Amino acid sequence: MPVRVVKLGGSLLDMPDLASRLRAWNAAQSPCDTVLVVGGGKLADTIRQAQIQHGFSDSVAHWLCVRTMAIQGEMLLAILPEARLLTGIAAVGRGASRLWILDAWHFMREDDRHHTSAPLPESWDVTSDSIAARAAELCGADELVLLKSAPADERSLIELAESEYVDRFFPEAARSLNRVRFVDLRGG
């Protein structure tokens with residue numbers, strides 16, 4: 001069964017019709033196992049402000065933001081009851097086509113302990129963009145799709161990182177992926 005990893009940008013979480021747009025977009029894609037990686041959104045922004053105010057380390061901020069991704073994933077699960085929570089990449093691609101929501105906290109903790117290559121940096125250079133790329137790499141995804149609030153235009157991954165459309169580490173995190181696609185879900 002083909003696998004698609006889809007990163008849902010945290011900036012999209014305030015859309016009142018998010019569930020219906022996500023369902024419509026997914027239904028228009030070729031059938032496959034779809035793994036949603038949900039961004040931290042405003043919760044992650046709050047952590048960034050708290051770090052500025054209180055001065056805790058980038059590593060602490062990183063792991064707090066990963067927790068916000070897990071929380072946002074649980075929220076998405078509440079509005080997409082047809083989806084299933086994914087705690088281990090091994091379940092992907094087995095059997096019928098399914099819609100999964102990645103438990104980012106569990107995934108990242110396991111990746112940090114067991115991945116043979118270098119772990120993702122624990123800094124603001126890594127956001128849900130690079131975490132989705134790591135998930136796509138580990139589950140052998142056929143493609144990674146980043147659902148965003150704006151179009152990507154025809155720029156390289158490095159240019160997209162420099163313009164902060166994706167995180168700074170993303171070009172490195174996505175280098176081994178077969179296909180990366182950007183979709184402006186907000187603009188349709």
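Quick look at the structure, then. (Residues numbered from 1 in each chain as written. Predicted model: local features only at pLDDT ≥ 70, side-chain atom pairs only at ≥ 80, totals over all residues. Heavy atoms only, no water.)

### Overview of the overall build of the protein
As a reminder of what qualifies: The way it works is that DSSP assigns letters per residue, a run of H or I at least four long becomes a helix, a run of E at least two long becomes a strand, and they are numbered from the N terminus. The globule rule used for comparison is 2.2 Å times the number of residues to the exponent 0.38, while the radius of gyration itself is calculated over C-alpha atoms. Buried means the residue's accessible area, taken with a 1.4 Å probe over protein chains only, is under 20% of the maximum for its type, while exposed means over 50%, and partly exposed covers the values in between.
Across its full length, the protein holds 7 helices and 6 strands. Going from the N terminus to the C terminus, the protein shows its helices and strands as β-α-β-α-α-β-β-α-α-β-α-α-β. Against the compact-globule benchmark of 16 Å for 188 residues, the protein has a radius of gyration of 15 Å, which places it among compact chains. Its C-alpha atoms put the protein at 45 × 35 × 35 Å along the principal axes. In the protein, buried positions account for 48% of the 188 residues.

### Observations regarding the packing of helix α2 (residues 41-54) against helix α3 (residues 58-79)
Spelled out, the test is: In this description, a line fitted to the C-alpha atoms serves as the axis of each element, helices being fitted only across the stretch in contact, and the angle between N-to-C directions of two axes falls anywhere from 0 to 180 degrees. An angle below 35 degrees is read as roughly parallel, one above 145 as roughly antiparallel, one from 65 to 115 as roughly perpendicular, and any other as oblique. Handedness of a helix crossing follows the sense of rotation of the near helix relative to the far helix, less than a right angle counterclockwise being left-handed and clockwise being right-handed. In what follows, a contact means two residues having at least one pair of non-hydrogen atoms within 4.5 Å. Any residue that is not Ala, Val, Leu, Ile, Met, Phe, Trp, Tyr, Cys, Pro, Asp, Glu, Lys or Arg is counted as polar, Gly included; the first ten are nonpolar and the last four charged.
At a minimum axis separation of 8 Å, α2 and α3 run at an interaxial angle of 160°. Considered as vectors, α2 and α3 are oriented roughly antiparallel to each other. In this structure, α2 meets α3 at a crossing whose hand is right-handed. Between α2 and α3, the contacting residues are Gly41, Lys42, Leu43, Ala44, Ile47 and Gln51 on the first element and Asp58, Ala61, Leu64, Cys65, Thr68, Ile71 and Gln72 on the second. Here the contact of α2 with α3 is composed, by residue class, of 7 nonpolar, 4 polar and 2 charged.

### What to know about the side chain of histidine 62
Its location among the elements puts histidine 62 in helix α3. Apart from the residues within four sequence positions on either side, histidine 62 is in contact with Met108, Pro121, Glu122, Ser123 and Val126.

### Focus: the sheet that holds strand β5 (residues 143-148)
Keep this limit in mind: The pairing criterion for strands is at least two bridges between them, as found by DSSP.
As summarised here, the arrangement of the 6 strands in space is β3-β4-β2-β1-β5-β6, forming an open sheet in which the pairing is parallel. Taken across any chain shown, the strands that pair with only one partner, and hence form the sheet edges, are β3 (84-86) and β6 (180-184). Neighbouring strand axes in the sheet, compared pairwise and without regard to direction, differ in orientation by 30° on average. Taken together, the 3 bridges between β3 and strand β4 (residues 99-102) define a ladder with parallel strand orientation. If you follow leucine 85 over to β4, its bridge partner there is isoleucine 101. On top of the sheet, α3 reaches β1 (3-8), β2 (33-38), β3 and β4; it is set at about 125° to β2, its chief contact.

### Comments concerning the packing of aromatic side chains
Applied cut-off: Stacked, tilted and edge-to-face are the three classes assigned to paired rings of Phe, Tyr and Trp, where Trp is represented by its six-membered ring and a pair needs centres within 6.5 Å; plane angles under 30 degrees give stacked, over 60 edge-to-face, the rest tilted.
Under the defined criterion, the tally for this structure stands at 3 aromatic pairs. Ring geometry for tryptophan 63 and tryptophan 105: centres 5.7 Å apart, planes at 85°, overall edge-to-face. Here tryptophan 105 lies in helix α4 (residues 104-114) and tryptophan 63 lies in helix α3, a separation of 42 residues in the sequence. Of the residues examined, tryptophan 63 reaches a relative accessible area of 10% and is grouped as buried. One aromatic cluster is present, formed by Tyr165, Phe170 and Phe182 through successive ring pairs.

### Comments concerning unusual backbone geometry
At aspartate 153, a position not held by glycine, the phi torsion is positive, near 65°. The phi angle at glutamate 164 is positive, at roughly 65°, despite the residue not being glycine. Looking at the element boundaries, glutamate 164 is found in the loop between α6 (157-162) and α7 (170-173). A relative accessible area of 66% means that glutamate 164 is categorised as exposed.

### Concerning α2
Let me state the cut-off plainly: In a helix, the anticipated span is given by 1.5 Å times the number of residues less one. By construction, the arc corresponds to the directions joining the helix axis to the C-beta atoms.
For α2, spanning 14 residues, the distance from its first C-alpha to its last is 20 Å, which sits close to the expected 20 Å at 1.5 Å a residue. Considered for burial, the residues of α2 that qualify are Gly41, Ala44, Ile47 and Gln51. The buried residues of α2 occupy one face: seen down the axis, they fall within an arc of 115°. Exposed residues on α2 whose side chains face more than 90 degrees from its buried face are Lys42, Thr46, Gln53 and His54. Residues of α2 that are buried sit in contact with α3.

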